[in-house]
Amino acid sequence: EQLVGSGGGLVQSGGSLSVSCAASGFTFSSYVLSWYRQAPGKERELVASITGRGDVTMYADSVKGRFTISRDNAKSTAYLQMNNLKPEDTAVYYCNARFGNRNHWGQGTQVTVSS
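Colleague: Explain the environment of H104 to me, using residue names and the numbers behind them.
Modeller: Looking at the secondary structure, you find H104 in strand β10 (residues 102–105). With relative accessibility at 10%, the residue H104 sits in the buried group. Along the backbone, H104 and Q2 are 102 residues apart, and their C-alpha atoms lie at a distance of 6.7 Å. Sequence-distant contacts of H104, defined by excluding residues within four places in its chain, comprise E1, L3, F26, Y31, C95, N96 and A97. A distance of 3.5 Å separates polar atoms of two side chains, one belonging to H104 and the other to E1.

In structure tokens, the structure reads:
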């Protein structure tokens, strides 16, 4: 049972990046999938979530209108499209899959936005 994150990288302010998260070893479609991020010296914060069916999403106020979370259950993969990136979006981004008391974390991927 694992989640493997990928994507991210370095982009200038105003640019776009995407991160993805591939799951294996569990019934991906049963899990709520979330993206968290942690900037240096700060606590990990919830960025966005999507239900197992993909019919309901939620976003932190700081990313509303700029980030889009999605999933493809046939591929057991989730995505976070990030547009109009700002320097304050710089962080390590982690995917999380949760179902009841079952909880899986990806290894994290770095997103750096230069001003």
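Colleague: Got a sec to walk through the nonpolar core? Specific residues and values, please.
Modeller: Nonpolar side chains in soluble globular proteins generally cluster together in the buried interior. W35, V47, F67, L80, M82 and Y93 are the most contacted members of the largest nonpolar core, which has 30 residues in total. Residue assignment for this core shows that the elements contributing at least two residues are β3 (17–24), β4 (32–38), β5 (45–50), β7 (67–72), β8 (77–82), β9 (91–99) and β11 (109–114).

Colleague: Could you give me a rundown of the packing of aromatic side chains, with the residues and numbers involved?
Modeller: The tally for this structure, following the rule as stated, stands at three aromatic pairs. A network of ring pairs unites the aromatic residues F26, Y31 and F99 as a single cluster. Positioned over the ring face of Y94 is R44, at 3.8 Å from the centre of the ring.

Colleague: How would you sum up the environment of S70? Please name residues and give values.
Modeller: Along the chain, S70 turns up in strand β7. It is 21 Å that separates the C-alpha atoms of S70 and G14, two residues lying 56 residues apart in sequence. Leaving out residues up to four positions away in the same chain, S70 has contacts with I50, A78 and Y79.

Colleague: How would you explain unusual backbone geometry if you had to name every residue and give the values?
Modeller: Unusually for a residue other than glycine, S76 sits at a positive phi of about 50°. Mapped onto the elements of the fold, S76 is located in the loop between β7 and β8. Even without being glycine, N84 reaches a positive phi, approximately 50°. Along the polypeptide, N84 turns up in the loop between β8 and β9. Looking at N84, the relative accessible area reads 44%, which means it is partly exposed.

Colleague: Tell me about the environment of V19, and name the residues and values.
Modeller: Its location among the elements puts V19 in strand β3. According to the relative accessible area criterion, V19 is buried, its value standing at 1%. For V19 and Q81, which are 62 residues apart along the polypeptide, the C-alpha to C-alpha distance reads 6.7 Å. V19 has contacts with S6, G7, G8, W35, A78, Y79, L80, M82, T109 and V111, leaving out every residue within four places of it along the chain.

Conventions and cut-offs
- Residues numbered from 1 in each chain as written.
- Predicted model: local features only at pLDDT ≥ 70, side-chain atom pairs only at ≥ 80, totals over all residues.
- Heavy atoms only, no water.
- Helix = DSSP H or I, 4+ residues; strand = E, 2+ residues; numbered from the N terminus.
- Buried < 20%, exposed > 50% of the residue type's maximum accessible area, 1.4 Å probe, protein only.
- Contact = heavy atoms within 4.5 Å.
- Polar contact = N/O pair within 3.5 Å; in protein donor to acceptor, adjacent residues only side chain to side chain.
- Core = buried A, V, L, I, M, F, W, Y, C linked by side-chain atoms within 4.5 Å.
- Phe/Tyr/Trp six-rings, centres within 6.5 Å; stacked < 30°, edge-to-face > 60°.
- Lys NZ or Arg CZ within 6 Å of the ring centre and 35° of its normal.

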